[in-house]
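Per-entry structural report
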Amino acid sequence: MKQCLKTFNVPVLHLAASFVLLGLMLPSGPVLAAEKMPAQALFEVAARPQAPDFLLEDMDGKKHRLSDSHGKVVLVNFWATWCPPCRREMPSIERLSHALKGTDFEIFAVNVAENLDTVFSFTGTLDPVPTFPIVFDTDSSVLKAWPVMGLPTTFVLDRQGRIVYRVVGGREFDDPAIQAQIRGLIDQH
Amino acid sequence: MSLIYTNFNYLPNTICAFVLGCAVMSAVAAETKHEVNAESGIQTWELHDQGVGFTLMQITPDQARGFFMARGFDREAVDYYASHCVFMTIVRNESVAESISYNLADWRFYRENYKPGKLKLKDDWLNEWRQLKVAEPALIAFEWSQHPTAQTFEVGDWNQGMTTYAMPLGSIFNLKFLWKVNGVMHEAMLKDIQCASATSGR
């Protein structure tokens, strides 16, 4: 560095050129994001482990067994009303549901350890209101059986019930890049 | 670019300028940003370094009490929690290609005239709550509201949760974050952070 400082008598143009070069090199390593929005893409889980099954009740008391959805692509979102990114991403999950209506695609939003009144009060404030099943993991036993470290965490399962994609933290699930990944999975027969 | 590099005699100097440019960019990137909410007075510190973003936002004792009393904790327990320094903590993988991992047990805080300290982790709290016979639903809410102790993030992943520090309210400290990229440990320092005081946000 001392040598550099000693020989640092180059024209300003060359300093500028170095920053251009720096700009060209940035994509090859870890760099700062231009904005806070996370990358709108789902991370592919190479091993494709089988998702743990669950049997949980929804807001109407109807029971849902995950394995009954084999044959469809399924999005499983773990969330709670007190988790700000969970609250923010919920409308985008409904928009995704709407965008993929009529396809072999299903959504379960697994609420962690809250009661019906709390969740009902929250969903009533959303626009659009969720139409997919919100199921209750009252003792967090399902959450602990899945590879979840923090909320929200979302998984996309293939038709065989294997975990293909995972994202940690909030996303805009109706983003075209995410939709394309899910449609790609739906198109695999 | 072709005009710039026509004379190769300038190339060593250009490389030096590039290295200095990198150093300047790095120094700028690692600067702690500090904001104060005009209405609430709640303070936030933010740092972006080497593809990772960190944010600490004060959680006032009143906020902590309100949150946990609404989830089944009794007054004595929430007063005890609220006597600690609590921050909403956000960690983001802002890199374009690398996964990162971290463990809060590796992080250290530094207060003037005190030895470096460790964060009070989720399991430390859960052990205390179990001894105090806190109800299971309240424990579940507590567990998932705290920042995950260990986490691995792919590109774009992030988490938000509470972290706690056993020091008096209003204390000022620096916090050293550590994280791994491809098995190599990296670190950054968030400077001059202040715990909320007993009356913050009122």
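For the structure itself, look to the data block above.
This write-up is about the structure you can find in this document. (Residues numbered from 1 in each chain as written. Chains lettered and ligands numbered in written order. Predicted model: local features only at pLDDT ≥ 70, side-chain atom pairs only at ≥ 80, totals over all residues. Heavy atoms only, no water.)

What follows covers the sheet that holds strand β1 (residues 43-44) of chain A. All names here are of chain A. Here we have 6 strands laid out as an open sheet, ordered β1-β8-β7-β4-β5-β6, and mixed in their pairing. Taken across any chain shown, the strands that pair with only one partner, and hence form the sheet edges, are β1 and β6 (134-137). By the bridge criterion, 2 bridges tie β1 to strand β8 (residues 163-168) in an arrangement that is antiparallel. From the neighbouring strand, Glu44 faces β8, where its bridge partner is Tyr165. Contacts between helix α6 (residues 176-186) and the sheet are confined to β4 (73-79), β5 (105-112), β7 (153-157) and β8, with β4 contributing the most and set at about 135° to the helix. (Pairing = 2+ DSSP bridges. Helix = DSSP H or I, 4+ residues; strand = E, 2+ residues; numbered from the N terminus. Contact = heavy atoms within 4.5 Å. Axes fitted to C-alpha atoms, helices over the stretch in contact; angles between N-to-C directions.)

With that settled, consider the packing of aromatic side chains. Any aromatic ring pair is given by two values, namely how distant the centres are and how the planes are angled relative to each other. According to the stated counting rule, one finds 32 aromatic pairs over all chains in the structure shown. Aromatic pair Phe87(B) and Tyr165(B): ring centres 5.7 Å apart, planes at 80°, arrangement edge-to-face. Note that Phe87(B) is positioned in strand β4 (residues 85-93) and Tyr165(B) in strand β9 (residues 158-165), a separation of 78 residues in sequence. A connected cluster of aromatic rings, assembled from ring pairs, spans Trp82(A), Phe67(B), Phe68(B), Phe73(B), Tyr80(B), Tyr81(B), Trp125(B), Trp129(B) and Phe142(B). Above the ring of Phe67(B), the side-chain terminus of Arg71(B) is found at 4.1 Å from the ring centroid. Sitting above the plane of the Trp125(B) ring, Lys120(B) keeps its charged end 3.9 Å from the centroid. (Phe/Tyr/Trp six-rings, centres within 6.5 Å; stacked < 30°, edge-to-face > 60°. Lys NZ or Arg CZ within 6 Å of the ring centre and 35° of its normal.)

All names here are of chain B. Looking at the secondary structure, you find Met162 in strand β9. Separated by 37 residues in the primary sequence, Met162 and Trp125 have C-alpha atoms spaced 12 Å apart. When residues no more than four places from it in sequence are discounted, the contact partners of Met162 are Ile59, Phe67, Phe68, Tyr81, Val86, Phe87, Met88, Ser145, Gln146 and His147.

Each pair of packed helices can be described by the angle between their axes along with the distance between the axes. Residues and elements named next belong to chain B. Interhelical geometry of helix α2 (residues 61-69) versus helix α3 (residues 75-82) gives an angle of 145° and a closest axis separation of 9 Å. Between α2 and α3 lies a crossing of right-handed hand. Across the interface between the two elements, Pro61, Ala64, Arg65, Phe68 and Met69 from α2 touch Arg75, Val78, Asp79, Tyr81 and Ala82 from α3. Grouping the amino acids of the contact of α2 with α3 by side-chain chemistry returns 7 nonpolar, no polar and 3 charged. (Left-handed = near helix turned anticlockwise from the far one by under 90°. Nonpolar A, V, L, I, M, F, W, Y, C, P; charged D, E, K, R; others polar.)

Let us look at the state of the cysteines. A full pass over the atoms with the stated rule returns 2 disulfides over all chains. The disulfide partner of Cys83(A) is Cys86(A), and the gap between their sulfur atoms is 2.2 Å. Between Cys83(A) and Cys86(A) the disulfide shows an S-S torsion of about 80°. By sign, it is right-handed. Like Cys86(A), Cys83(A) is buried. Between the sulfur atoms of Cys85(B) and its disulfide partner Cys195(B) the distance amounts to 2.0 Å. Of note, the bridge from Cys85(B) to Cys195(B) carries an S-S torsion of about -100° and is left-handed in sense. Of this pair, Cys85(B) sits in strand β4 while Cys195(B) is found in the segment after β11 (184-194), placing the two residues 110 residues apart along the sequence. Residues Cys85(B) and Cys195(B) agree in their burial class; the two are buried. (Disulfide = S-S within 2.5 Å. Buried < 20%, exposed > 50% of the residue type's maximum accessible area, 1.4 Å probe, protein only.)

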